[in-house]
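Residue-level listing of the chains:
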Amino acid sequence: MIAMRTKIVALPIFKKEENFMKKSNIIKIFLFCFFVIFLLGCPKKKEEKVSTGKKVINIWIMPNSPKPIVDLEDVLSDFKKNNPDIEIVITGIDWGAAWSKITVAATSGVAPDICQLGTTWVGTIASMGALLPLNDYIHEIGGADAFLPAAWNTSGIEGSGIVVAIPWFVDVRGIYFRKDIFEKLGLTKKDLDTWESFEATLKKIKEAKVVSDKNGNIYVGKEAEEILKKDPTAKIIEPLGIPGKNDWNVIHNFVPWIWSAGGDLLSKDRKTAIFNSKEAMKGILFYTGLVRKGLVSTKTLELNTAQVSTNFVNGEYAMYFDTSHMVKYMSIPQSEGGFAEGVASKNYDIALFPKGPAGRYHFFGGSNLAIFKYTKYPKEAWKVLAYLCSKEAQIKYSQKTGFMPARKDAFNDPYFEKDPKRKIFKEATKYGRSYPCIPSWGPIEPILTRRLGILWDYVAGVYGSCTDETIKQQIDMAVQEVNSVLKTTSENEKK
Amino acid sequence: MKIKSTIQEIREKSYAYMFILPMVMGMLIIHFIPMLIGIIMSFLDLNQYTLSKYLSAPFVGFRNYFDVLFNPKSTIRIGLLQAVRNTIIYTIGVTGGTLTIGMIVALMLNKNFIGRRLVRTLFLFPWIVPTYVTGLLWAFIWNHEIGVVNYILTKVLNIVEKPPFWLMGPNTLWAIIVPTVWRYWPFAMLMLLAGLQTIPDELYESASIDGANEWQKFWHITIPSLKPVWSTLLLVNLITNVYSFNIVIMMFGHGAGFPGEWGDLLMTNIFRNSFQLWQYSKGAAASIVLMICMIGIVAIWYKLFREKW
């Protein structure tokens, strides 16, 4: 051992100064090379693909359908044939990451040519001055008149007169209900027509204690009691399922009730939040009252839309609210990402939102297409965008995604006319209303989503009994926060 | 003369400097430059309108700090006290839980028994699970209707008649503390076990001869001998938990909504205000305030532990 240790200590590098210097120089050179390689290895800006001399148009889209990129490529196939000089590169971005990615793109200039924008984002992104004004082009696709008014309202900042984002598809919602349960209880679609009849229907379903077995068969009365005793898998169906948390839809589900009661979210000059007004509170109290009256189980309030829709498909609820895309998903087999095998999938119908004291309103969301001003090929980008917003492309895309087209003329297609369920959504577009397209909407929406989520905590009773005053208090807090954003925005706009 | 000797010393130790250079460069690029930019940002008015100007955005002095700390109408201030309260409870809960469970299991695994290695490997399982999976998994475990926790409480143990909500209201805090403890105790256990194996058996034998019982041995030998390990773990846990973010995001909607009043931590509050409400400067100011507080905590730690090692 001693000999071995001596041998190690006696290595030339540690003993002889000259050798050590030589070695240390080698190490220095090695480290220098390492640094050079490290610095050279830092990513450069991606080279644009110009393999065949084609003009490359990059598009960012969100997952709008089960196979987002393949589906859009399919929609664009005819365009590609007719425009061989344009190469289209589609990039899919997740909804969760889209907001930050798009805002970084808008501010940094490293952006795609065309980008899908959620309708509620348009005002904010447009305020950053990153989008190409499209006023000179829109006559080619029929202008404002060709589109559904509520969808066109989201094409640019309210009152600016500048169009920056063309409506691509709309997200319009309806009431999905179980036909078999309605038939069993002698209910019809008409029983969902007004707030009063809607509430009475929920009450009737609740009191009937409708029971479903594992095969989705419906039982009421004594039959139901017997099956509950015999079959441990049998369950009582809840009248309505509504998501309460962790979901952007929380606010989208609230707002039709506020509008139907004659209230609104913001004042007409868009400087103050008014959803704590008497009218708005009427809508909020009606909607939250469904839970407080026991017509909606508090269990659903910790769920998001995806969980609620899965529960509906599995036969947990008699009704729930969702967008038109579920019609598509309930026709796709499970193996392809759909719910065709679900208990509710063959036994459902759709109704309009109930009419309130001030009328009937459906929330209008969806997505628009915008061109970033940093594009090298604005004409080609517009050509692609115009194609995607044409009647044919919108119908084709609607068939892929299940969302409704934003063009009025697309609804004349038999695809929407002949299918009774899609026809309901076509009718719902008449009552469509969208959020104000203003720069501050981007920050307002997360506040409302969180605050209304907290409101559901109170309604669910986790803090004790929930009164009208409790709800008003929570809404006032949301109003205070939104007003703070509006004030900051107004100060910035003045600057 | 002094300069010459310094240069001489640097030359002599150039070899060492060359080795630490990559780390220094990395620290500069990854830590110090962004931190400096953060400090600058906290004095600017950087929002959706001025973001393209970046560091040329208008200078507003200490206004962002005022908004964060004293302006009751500022959105970041509205939820700040709740976030501070939650972060303190969360940090104490997770740090205490992690170290306690880590210590108990380390003491168990320090004994010789058949299958010790297998048990030790299995115990490391939660630590190697990604936070993403931990968040999703526990979101199901806490679920009001189908969650395992409520099933055990209501059907197995029968101690609760009405199943509680874990993802709503004040219970949210437990819903994020428990998964974090579950994920990080194996690391504490590993470190403490390594420390336990360095304590000479002679110390325990001498204590036994002197008539010390197990508790006295633990308190007077194990705890002081492991002080360098548990005090370091304490510091690492405090810092990590104050800056905790992932578990909340993963359990509550991936940024859509965030949990209610009892699940909002300082980092989720800062993130929401910075990147969803576009108040980058206020977010930066809140981060700097938090950093200063953490420097204070680290200084206290140094005072209490480091000097006495």
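Not measured: the values here are computed from a predicted model.

Digging into the overall build of chain A
Line of reasoning, step 1. Looking only at helices and strands, chain A features 21 helices and 13 strands.
Line of reasoning, step 2. Burial statistics for chain A: of 495 residues in total, 56% are counted as buried.
Line of reasoning, step 3. A separation threshold of at least 6 residues defines the contact pool for chain A, and within that pool the share at least 24 residues apart is 74%.
Line of reasoning, step 4. Summing over all exposed atoms, chain A offers an accessible surface of approximately 22,000 Å²; the carbon and sulfur share of this is 55%.

Examining the side chain of A:Glu445
Residue and element names in this part refer to chain A.
Line of reasoning, step 1. Mapped onto the fold, Glu-445 is located in helix H20 (residues 441-459).
Line of reasoning, step 2. Buried charged residue Glu-445 carries no salt bridge. Nearest counter-charge: Arg-173, at 8.7 Å.
Line of reasoning, step 3. Looking at Glu-445, its side chain comes within polar contact range of the side chain of Trp-441, at 2.8 Å.

Some details on the environment of B:Tyr49
Line of reasoning, step 1. Considering the arrangement of structural elements, one finds B:Tyr49 in the loop between helix H2 (14-41) and helix H3 (63-69).
Line of reasoning, step 2. Placed 174 residues apart in sequence, B:Tyr49 and B:Ile223 show a C-alpha to C-alpha distance of 56 Å.
Line of reasoning, step 3. Sequence-distant contacts of B:Tyr49, defined by excluding residues within four places in its chain, comprise A:Ser127, A:Pro439, A:Thr489, A:Asn492 and A:Glu493.

Observations regarding helix H14 (residues 305-313) of chain A
All names here are of chain A.
Line of reasoning, step 1. Within H14, the full set of buried residues consists of Thr-305, Val-308, Ser-309, Asn-311, Phe-312 and Val-313.
Line of reasoning, step 2. Contacts made by the buried residues of H14 are with strand E4 (165-178), strand E8 (238-241), helix H12 (249-260), strand E9 (317-323), helix H15 (325-329) and strand E10 (348-351).
Line of reasoning, step 3. At the N-terminal end of H14, a side-chain oxygen is found 3.2 Å from the backbone nitrogen of Ala-306, two or three residues along, and the residue is Asn-304.
Line of reasoning, step 4. Following H14 by one or two positions, Gly-315 has its phi on the positive side, about 85°.

Details of the state of the cysteines
All names here are of chain A.
Line of reasoning, step 1. This structure, assessed with the given rule, holds zero disulfides over all chains.
Line of reasoning, step 2. As a non-bridged cysteine, Cys-437 has Cys-115 as the owner of its nearest cysteine sulfur, 15 Å distant.
Line of reasoning, step 3. A relative accessible area of 3% means that Cys-437 is categorised as buried.

Details of the layout of surface pockets
Line of reasoning, step 1. Volume-wise, the second largest pocket comes out at about 940 Å³.
Line of reasoning, step 2. Lining of the second largest pocket is provided by 32 residues; of these, B:Pro34, B:Gly38, B:Met41, B:Phe275 and B:Ser287 occupy positions nearest its centre.
Line of reasoning, step 3. Looking at the lining of the second largest pocket, the elements that each hand over two or more residues are helix H6 (95-108) of chain A together with H2, helix H15 (266-276) and helix H16 (280-304) of chain B.
Line of reasoning, step 4. When residues of the lining of the second largest pocket are assigned to their parent elements, the largest contribution, nine residues, is made by H2(B).
Line of reasoning, step 5. Of the residues assigned to the lining of the second largest pocket, the class counts are 22 nonpolar, ten polar and no charged.

Quick look at the interface of chain B and chain A
Line of reasoning, step 1. Facing the 45 residues of chain B at the interface are 46 residues of chain A.
Line of reasoning, step 2. Between chain B and chain A lies a buried interface of about 4,200 Å² when both sides are counted; carbon and sulfur atoms form 61% of it.
Line of reasoning, step 3. It is B:Tyr49, B:Met168 and B:Trp278 that lose the most area in chain B upon contact with chain A, and together they represent 16% of the buried surface on that side.
Line of reasoning, step 4. Where A:Lys299 meets B:Glu145, a salt bridge forms, and the shortest distance between an N and an O atom there is 3.7 Å.
Line of reasoning, step 5. On the surface where chain B and chain A come into contact, there are nine residue pairs in polar contact (both at pLDDT 80 or more).
Line of reasoning, step 6. Put simply, the parts of the chain that give the side of chain B that touches chain A at least two residues each are H2, helix H4 (75-78) and H15 of chain B.

A look at empty space enclosed by the protein
Line of reasoning, step 1. Throughout the structure, instances matching the rule amount to five cavities of 30 Å³ or more.
Line of reasoning, step 2. In this structure, the largest cavity spans a volume of roughly 170 Å³.
Line of reasoning, step 3. As for the largest cavity, its lining consists of 19 residues, and the residues nearest its centre are A:Thr488, B:Asn47, B:Leu277, B:Trp278 and B:Gln279.
Line of reasoning, step 4. By residue number, the principal contributor to the lining of the largest cavity is helix H21 (residues 468-494) of chain A, which donates four residues.
Line of reasoning, step 5. Classifying every residue of the lining of the largest cavity by side-chain character gives eight nonpolar, eight polar and three charged.

Structural notes on the domain arrangement of chain A
Residues and elements named next belong to chain A.
Line of reasoning, step 1. For chain A, the assigned domains are domain 1 (55-171 + 364-433) and domain 2 (173-363).
Line of reasoning, step 2. Spacing between the C-alpha centres of domain 1 and domain 2 amounts to 30 Å.
Line of reasoning, step 3. Taken together, the contacts link 21 residues of domain 1 with 25 residues of domain 2.
Line of reasoning, step 4. Overall, the association of domain 1 and domain 2 removes approximately 2,100 Å² of surface from exposure, summing both partners, and the carbon and sulfur fraction of that is 61%.
Line of reasoning, step 5. When residues of domain 1 are sorted by the area they lose upon contact with domain 2, Lys-421, Phe-425 and Arg-433 head the list and together hold 33% of the total.
Line of reasoning, step 6. Across the pair Arg-433 and Asp-264 runs a salt bridge whose closest N-O atoms are separated by 3.0 Å.
Line of reasoning, step 7. For the pair domain 1 and domain 2, the number of links is eight residue pairs in polar contact (both at pLDDT 80 or more).
Line of reasoning, step 8. With six residues, helix H19 (residues 420-428) is the single largest residue contributor to the side of domain 1 that touches domain 2.
Line of reasoning, step 9. By residue class, the composition of the side of domain 1 that touches domain 2 is eight nonpolar, six polar and seven charged.

Structural notes on the pattern of salt bridges
Opposite charge on two side chains permits them to pair, given that their charged atoms come into close proximity.
Line of reasoning, step 1. Under the criterion given, the structure shown has 25 salt bridges over all chains.
Line of reasoning, step 2. Between A:Lys206 and A:Glu238 there is a salt bridge, with the nearest N and O atoms lying 3.5 Å from each other. Placement of the pair is A:Lys206 in helix H10 (residues 195-208) and A:Glu238 in strand E8, with a sequence separation of 32 residues.
Line of reasoning, step 3. A relative accessible area of 35% means that A:Lys206 is categorised as partly exposed.
Line of reasoning, step 4. Beyond isolated ion pairs, a larger network of salt bridges with shared partners links A:Arg450, B:Asp264 and B:Arg272.

So, the packing of helix H13 (residues 227-242) of chain B against H16(B)
All names here are of chain B.
Line of reasoning, step 1. The interhelical angle for the contact between H13 and H16, taken along N-to-C directions, is 170°, at an axis separation of 11 Å. On the basis of their axis angle, the class for H13 and H16 is roughly antiparallel. Along its contact with H13, which presents Lys-227, Ser-231, Thr-232, Leu-234, Leu-235, Leu-238, Ile-239 and Val-242, the element H16 presents Leu-290, Met-294, Ile-297, Val-298, Trp-301 and Leu-304.
Line of reasoning, step 2. When the residues that make up the contact of H13 with H16 are grouped by side-chain class, the tally is eleven nonpolar, two polar and one charged.

Focus: H19(A)
Residues and elements named next belong to chain A.
Line of reasoning, step 1. Along H19, the residues that are buried comprise Arg-422, Ile-424, Phe-425 and Ala-428. Down the axis of H19, the buried side of the element spans an arc of 150°, and every buried residue falls inside it.
Line of reasoning, step 2. Measuring from the side-chain oxygen of the N-cap residue of H19 to the backbone nitrogen of Lys-421 gives 2.8 Å; that N-cap residue is Asp-419.

Some details on the sheet that holds strand E6 (residues 218-219) of chain A
Residue and element names in this part refer to chain A.
Line of reasoning, step 1. The three strands are arranged E6-E5-E7 in an open sheet whose pairing can be described as antiparallel. With one partner strand each, in any of the chains shown, E6 and strand E7 (235-236) form the two edges of the open sheet.
Line of reasoning, step 2. Of the strand pairs in this sheet, strand E5 (residues 211-212) and E6 are connected by two bridges, and their pairing is antiparallel. Pairing of Val-211 across the sheet is with Tyr-219, part of E6.

Thoughts on the side chain of B:Thr268
Residue and element names in this part refer to chain B.
Line of reasoning, step 1. Within the secondary structure, Thr-268 is located in helix H15.
Line of reasoning, step 2. Assessed through its relative accessible area of 0%, Thr-268 is described here as buried.
Line of reasoning, step 3. At 2.8 Å, the side chain of Thr-268 forms a polar contact with the side chain of Asp-264.
Line of reasoning, step 4. Sequence-distant contacts of Thr-268, defined by excluding residues within four places in its chain, comprise Phe-245, Val-248, Phe-258 and Gly-263.

Regarding the pairing of strand E11 (residues 362-371) of chain A
All names here are of chain A.
Line of reasoning, step 1. Where burial is concerned, most of E11 is hidden: ten out of the ten residues are buried.
Line of reasoning, step 2. The alternating pattern of E11 places His-362, Phe-364, Gly-366, Asn-368 and Ala-370 and Phe-363, Gly-365, Ser-367, Leu-369 and Ile-371 on opposite faces, both of which are buried.
Line of reasoning, step 3. As paired strands, strand E3 (residues 114-118) and E11 are joined by five bridges and run antiparallel to one another. Its bridge partner being in E11, Ile-114 is matched across the sheet by Ile-371.
Line of reasoning, step 4. Across two bridges, E11 lies against strand E13 (residues 432-433) in parallel orientation. Considered in E13, the bridge of His-362 is made with Gly-432.

Basis of the calculations
Residues numbered from 1 in each chain as written. Chains lettered and ligands numbered in written order. Predicted model: local features only at pLDDT ≥ 70, side-chain atom pairs only at ≥ 80, totals over all residues. Heavy atoms only, no water. Helix = DSSP H or I, 4+ residues; strand = E, 2+ residues; numbered from the N terminus. Buried < 20%, exposed > 50% of the residue type's maximum accessible area, 1.4 Å probe, protein only. Contact = heavy atoms within 4.5 Å. Areas by Shrake-Rupley, 256 points an atom, 1.4 Å probe, with all protein chains shown as cover. Lys, Arg positive; Asp, Glu negative; His and termini not counted. Salt bridge = Lys/Arg side-chain N within 4 Å of Asp/Glu carboxyl O. Polar contact = N/O pair within 3.5 Å; in protein donor to acceptor, adjacent residues only side chain to side chain. Disulfide = S-S within 2.5 Å. 1 Å grid on protein atoms, 1.4 Å probe; cavity = no way out; pocket = protein on both sides within 12 Å on 5 of 7 lines; lining within 4 Å. Points joined across faces, edges and corners; volume = space filled by probe spheres on them. Nonpolar A, V, L, I, M, F, W, Y, C, P; charged D, E, K, R; others polar. Buried area = accessible area lost by both parts, 1.4 Å probe. Domains from an automatic or database assignment. Axes fitted to C-alpha atoms, helices over the stretch in contact; angles between N-to-C directions. Parallel < 35°, antiparallel > 145°, perpendicular 65-115°, else oblique. Arc of directions from axis to C-beta. Pairing = 2+ DSSP bridges.

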